[in-house]
Amino acid sequence: MFPRYRLVGFCGLPGAAALGRLGTGDPGERAAEIEKVARSYAAGREPLPVLELLAVVANSSPGPDGTYRSRTPAATVRRFHQLVQKQKALLLLNIQPGRASVLDEVKALRDWLVHPDVGIALDPEWEMAGGQVPGDTYGRTDGHELTRVARYLSGLVKEHELPEKPLVFHQVATSVVREQSALEPQPGVALIKSADGIGSPGLKRGTWRRLVRGLPDGVHTGFKLFYEEDAKGSRLMTPKEVLRLRPRPEYVMYE
């Protein structure tokens, strides 16, 4: 996957505009739009459009099973998989686990993950411990858990002879990913740490510097932009500004 491609994507869920760009308008139009946006980030690489679909969404209420999460219907996932096949793009299935087991949620998506154009994105700020409620506090993961997910994906890649599969983990603060040094790259899995966080270009650069400091070997970088929130009181960073970050992001995602 790297250094051949630069990934550029929209995230969200149809019908939920507050959750990202994919929640506005027709998904087919969004897929065509991100293809155009991706070209502005090529910078010597092949741009690879990404649709990052919220496949598991954290909720403020426990739900019938007490997990504080809901799963996106298979019909929606299928629709987006058909879109990326048509656009020759990549589908990332984003997991906000609530109190559910992260690895169990990944395994529940196995039927999609055996496809060569489907990967995983984790949102550990929504990974709650017992007694915690999504939205009240930041959740967290650690390098050991991320390694277990990467190892599972590596097994699928080997079993089904798939191309390298991306595993993104979004990080909004240093507290969200503990024991990062325990993260072990796995064969056939491209690990991508995506710097999250809302703010002005200056604030976002500061967050970037904090989060990429001490990056483990074999981990690639990503950067997240917010169309509305970043622009409140400031402005959205341009592709040229994003590409001036060091190390240069290999995945750029817009919410």
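So, here's what we can say about the structure. (Residues numbered from 1 in each chain as written. Predicted model: local features only at pLDDT ≥ 70, side-chain atom pairs only at ≥ 80, totals over all residues. Heavy atoms only, no water.)

**Quick look at helix 5 (residues 143–160)**
We count it as follows: A run of DSSP states H or I qualifies as a helix once it reaches four residues; a run of E qualifies as a strand once it reaches two. Both are numbered from the N-terminal end. By this rule, a helix spans an expected 1.5 Å times one less than how many residues it contains.
In a regular helix each residue adds 1.5 Å, so 18 residues correspond to 26 Å; helix 5 covers 26 Å between its end C-alpha atoms and thus fits that length. Just downstream of helix 5, Glu-161 is the residue with a positive phi angle, here 55°.

**Comments concerning unusual backbone geometry**
Using the following cut-off: For every residue, the accessible area (1.4 Å probe, protein chains only) is compared with the maximum for its type, and the residue is labelled buried under 20%, exposed over 50%, or partly exposed between those bounds.
Note that the residue after Phe-2, namely Pro-3, is joined by a cis bond; omega there is 5°. Position of Pro-3 among the secondary structure elements: in the segment before strand 1 (5–12). For the peptide bond that leads from Arg-246 to Pro-247, omega is -5°, which places it in the cis range. Take Pro-247: it is sitting in the loop between helix 7 (239–243) and strand 11 (251–254). Here Lys-88, not a glycine, exhibits a phi torsion of approximately 55°, which is positive. Along the chain, the position of Lys-88 falls in the loop between helix 2 (74–87) and strand 4 (90–95). Judged by relative accessible area, which is 71%, Lys-88 ranks as exposed.

**So, the packing of aromatic side chains**
Cut-off, in case you're wondering: Between the rings of Phe, Tyr and Trp (Trp by its six-membered ring), a pair exists once the centres lie within 6.5 Å; its type follows the angle of the planes, with under 30 degrees stacked, over 60 edge-to-face, and the other angles tilted.
Going through the model one piece at a time under the given rule, you end up with five aromatic pairs. Geometrically, the ring pair formed by Tyr-41 and Tyr-254 is edge-to-face, given 6.4 Å between the ring centres and 65° between the ring planes. Highlighted residues: Tyr-41 in the loop between helix 1 (27–39) and strand 2 (46–58) and Tyr-254 in strand 11, separated in sequence by 213 residues. The buried category is assigned to Tyr-41, whose relative accessible area is 0%. Taking relative accessible area as the criterion, Tyr-254 reaches 4% and is therefore assigned buried.

**Quick notes on the pattern of salt bridges**
Rule in force here: By salt bridge we mean one thing: a side-chain nitrogen of Lys or Arg within 4 Å of a carboxyl oxygen of Asp or Glu.
Taken as a whole and judged by the stated rule, the model has 15 salt bridges. Members of the salt-bridge network, linked through shared partners, are Asp-65, Arg-69, Arg-71 and Glu-105.

**A few points about the environment of Gly-12**
The cut-off we apply is this: Here, residues are in contact when the closest pair of their heavy atoms is within 4.5 Å.
Here Gly-12 shows up in strand 1. Residue classification places Gly-12 among the buried residues on the basis of a relative accessible area of 0%. Separated by ten residues in the primary sequence, Gly-12 and Leu-22 have C-alpha atoms spaced 4.5 Å apart. If near-sequence neighbours (up to four positions away) are discounted, Gly-12 is found in contact with Leu-19, Gly-20, Leu-22, Glu-52, Leu-53 and Leu-54.

**Side note on the pairing of strand 5 (residues 118–122)**
Formally: Any two strands with at least two DSSP-identified bridges between them are counted as paired.
Taken across its five residues, strand 5 has five buried, putting it largely inside the fold. Going residue by residue along strand 5, you find Val-118, Ile-120 and Leu-122 tucked away on one face and Gly-119 and Ala-121 tucked away on the opposite face as well. Bridge count for strand 4 against strand 5 is five bridges, and the pairing is parallel. Pairing of Leu-92 across the sheet is with Gly-119, part of strand 5. Bridging between strand 5 and strand 7 (residues 165–171) involves three bridges; their strand directions are parallel. Each residue of the ladder has a partner; that of Ala-121, found in strand 7, is Val-168.

**Regarding helix 1**
Our working definition: Here, the arc refers to the directions that run from the helix axis to the C-beta atoms. Under this definition, polar contacts are N or O atom pairs within 3.5 Å; protein pairs additionally need one hydrogen-donor-capable and one acceptor-capable atom, and for neighbouring residues in sequence, both atoms have to be side-chain atoms.
With 13 residues, helix 1 extends 19 Å from end C-alpha to end C-alpha; this agrees with the ideal 18 Å at 1.5 Å per step. Here helix 1 has its buried residues at Pro-27, Arg-30, Ala-31, Glu-33, Ile-34, Val-37 and Ala-38. All buried residues of helix 1 project into a common sector of 165° when viewed along the axis, lining one side. Facing away from the buried surface of helix 1 by more than 90 degrees, the exposed residues are Lys-36 and Arg-39. A distance of 2.9 Å separates the backbone nitrogen of Gly-28 from a side-chain oxygen at the start of helix 1, and that oxygen is part of Asp-26.

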